[in-house]
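Chains, contacts and geometry: an overview
Residue-level listing of the chains:
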Amino acid sequence: METDLSELIHRIAHRLRHGYRHTLEPLGLSPGQGRALRVLAEAPEPLRMVQLAEALRIVPRSVTPVIDALEEAGLVRRQVDPANRRSTLLTLTDRGQEVYARVVEARKEAARELFSVLTPEQQARLKELLAIVEESPFTM
């Protein structure tokens, strides 16, 4: 039985997530926490909780435990939004920035290991093809 393309991509994505999870364990982070750090680190300005939830594509109430854990670890700081005192702004602490740099390396390490079976040329071609798919409109 031949595996279809969507199933193959799903399996590879699962292996990549598993590898990423494994490389994050020494940092004491979950993949969701790693994603939250990435969004906060790459944001041009502090984000509100609802903005972080939107960027992570999760419901706002789901972001609270993620931020609670990151704040407890000293990686994220909550601040009252001066423009709207009912809102909370999120920023990375200096330690959060340092850990985020390690998260980036963990993600790269997981990808390097998974795709090491391909030559550099094959990796470049795969990246090119996936970029075409990623950039195309998908209406469903």
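Positions within a chain are numbered from 1, following the residues in the order the chain's sequence is written. Reporting in this predicted model follows two pLDDT cut-offs: at least 70 for local features of residues, and 80 or more for side-chain atom pairs to be given and counted; totals over whole chains, interfaces and linings ignore these cut-offs and use all residues. Side-chain numbers here rest on the full set of heavy atoms in the structure, without hydrogens or water.

Structural notes on the overall build of the protein chain
Each helix and strand in the protein chain was counted, giving six helices and three strands. Partly exposed describes any residue whose relative accessible area lies between the buried limit of under 20% and the exposed limit of over 50%, with all areas from a 1.4 Å probe on protein chains only and scaled to the type maximum. Within the protein chain, the proportion of its 140 residues that are buried is 26%. Sequence-distant contacts, at least 24 apart, represent 46% of the contacts inside the protein chain between residues at least 6 apart. Methods summary: accessible areas were calculated by the Shrake-Rupley approach with a probe of 1.4 Å, and residue burial reflects only the protein chains presented. Summed over its atoms, the accessible surface of the protein chain is roughly 10300 Å², and 54% of this surface lies on carbon and sulfur atoms. Put simply, DSSP marks the helices as runs of H or I at least four residues long and the strands as runs of E at least two long, and each gets a number from the N terminus on. Here a residue-residue contact requires only that any non-hydrogen atoms of the pair lie within 4.5 Å.

A few points about the nonpolar core
Only buried residues count toward a nonpolar core, which is a set of Ala, Val, Leu, Ile, Met, Phe, Trp, Tyr and Cys residues joined through side-chain atoms within 4.5 Å. If you look at the biggest cluster of nonpolar residues, it comprises 26 residues, and the most contacted ones within it are L37, L40, L52, I67, L70, V76 and V103. Of all the elements, helix α5 (residues 94-115) adds the most residues to this core, at five residues. Beyond its immediate stretch of four places on either side in the chain, L40 contacts L47, L52, I67, V76, L90 and L92.

Side note on α5
Taking 1.5 Å as the rise per residue, α5 with 22 residues should run 32 Å; its terminal C-alpha atoms sit 32 Å apart, in good agreement. Burial in α5 covers these residues: G96, V99, Y100, V103, A106, A110 and L114. The buried residues of α5 occupy an angular sector of 115° when projected down its axis, which confines them to one face. In α5, the exposed positions angled more than 90 degrees off the buried face are occupied by D94 and E98. Expected helix span is taken as 1.5 Å per residue step, with the number of steps being one fewer than the number of residues. Picture the helix axis, draw a direction to every C-beta atom, and the arc is the one those directions span.

Section: the environment of A101
Note on placement: A101 falls in helix α5. For A101, a relative accessible area of 43% translates into the label partly exposed. A101 sits 21 residues away from Q122 along the chain, and the two C-alpha atoms are 27 Å apart.

Some remarks on the packing of helix α2 (residues 31-42) against helix α4 (residues 60-72)
To get an axis, fit a line to the C-alpha atoms, keeping to the stretch in contact for a helix; angles then go from 0 to 180 degrees between the N-to-C directions. Where α2 meets α4, the axes come as close as 10 Å, and the angle between the chain directions of the two elements is 80°. Overall, the two elements α2 and α4 adopt an arrangement that is roughly perpendicular. Two secondary-structure elements touch here, α2 through G32, Q33, A36, L37 and L40 and α4 through V66, I67, A69 and L70. Here the residues of the contact of α2 with α4 are counted per class, giving seven nonpolar, two polar and no charged. Small angles under 35 degrees read as roughly parallel and large ones over 145 as roughly antiparallel, with 65 to 115 read as roughly perpendicular and the rest as oblique. The classification used treats Ala, Val, Leu, Ile, Met, Phe, Trp, Tyr, Cys and Pro as nonpolar, Asp, Glu, Lys and Arg as charged, and all other residues, Gly among them, as polar.

Observations concerning α2
Owing to its 3.6 residues per turn, the α-helix brings residues three or four apart onto one side. Its twelve residues place the ends of α2 16 Å apart at the C-alpha level, agreeing with the 16 Å of an ideal helix rising 1.5 Å per residue. Along α2, the positions that sit buried rather than exposed are Q33, G34, A36, L37, V39 and L40.

What about the environment of R78?
Structurally, the position occupied by R78 is in strand β2 (residues 76-81). Residue classification places R78 among the partly exposed residues on the basis of a relative accessible area of 26%. For R78, the residues in contact, after removing those within four places along its chain, are M49, T64, I67, D68, E71, T88, L89 and L90. Polar contact criterion, stated in full: a pair of N or O atoms within 3.5 Å, where within protein one must be able to donate a hydrogen and the other to accept it, and residues adjacent in sequence count only if both atoms are side-chain atoms. Here D68 takes part through its side chain, which lies 2.7 Å from a polar atom of the side chain of R78. A polar atom in the side chain of R78 sits 2.4 Å from the side chain of E71.

Details of the packing of aromatic side chains
One pair of aromatic rings is described through two measures. These are the centre distance and the angle between the planes. Each aromatic pair joins two rings of Phe, Tyr and Trp (for Trp, the six-membered one) with centres within 6.5 Å, and gets the label stacked for planes under 30 degrees apart, edge-to-face for over 60, and tilted for any other angle. Under the counting rule described, the total for this entry stands at zero aromatic pairs. Cation placement over rings: the criterion is NZ of Lys or CZ of Arg within 6 Å of the ring centroid and within 35° of the ring normal. For R107, the ring lying beneath its charged end belongs to Y20, and the centroid distance is 5.2 Å.

What to know about a nonpolar patch on the surface
A surface patch of nonpolar side chains, amounting to about 440 Å² of accessible area, comprises L5, L8, I9, I12 and L130. Take the nonpolar patch: its biggest share by element is four residues, from helix α1 (residues 5-24). Mapped onto the secondary structure, L8 falls in helix α1. In this analysis, a patch consists of residues with relative accessible area above 30% that form no salt bridge, clustered at 9 Å for like charges and at 5 Å for the nonpolar side chains Val, Leu, Ile, Met, Phe, Trp and Tyr. Whenever Lys or Arg places a side-chain nitrogen within 4 Å of a carboxyl oxygen from Asp or Glu, that contact is recorded as a salt bridge.

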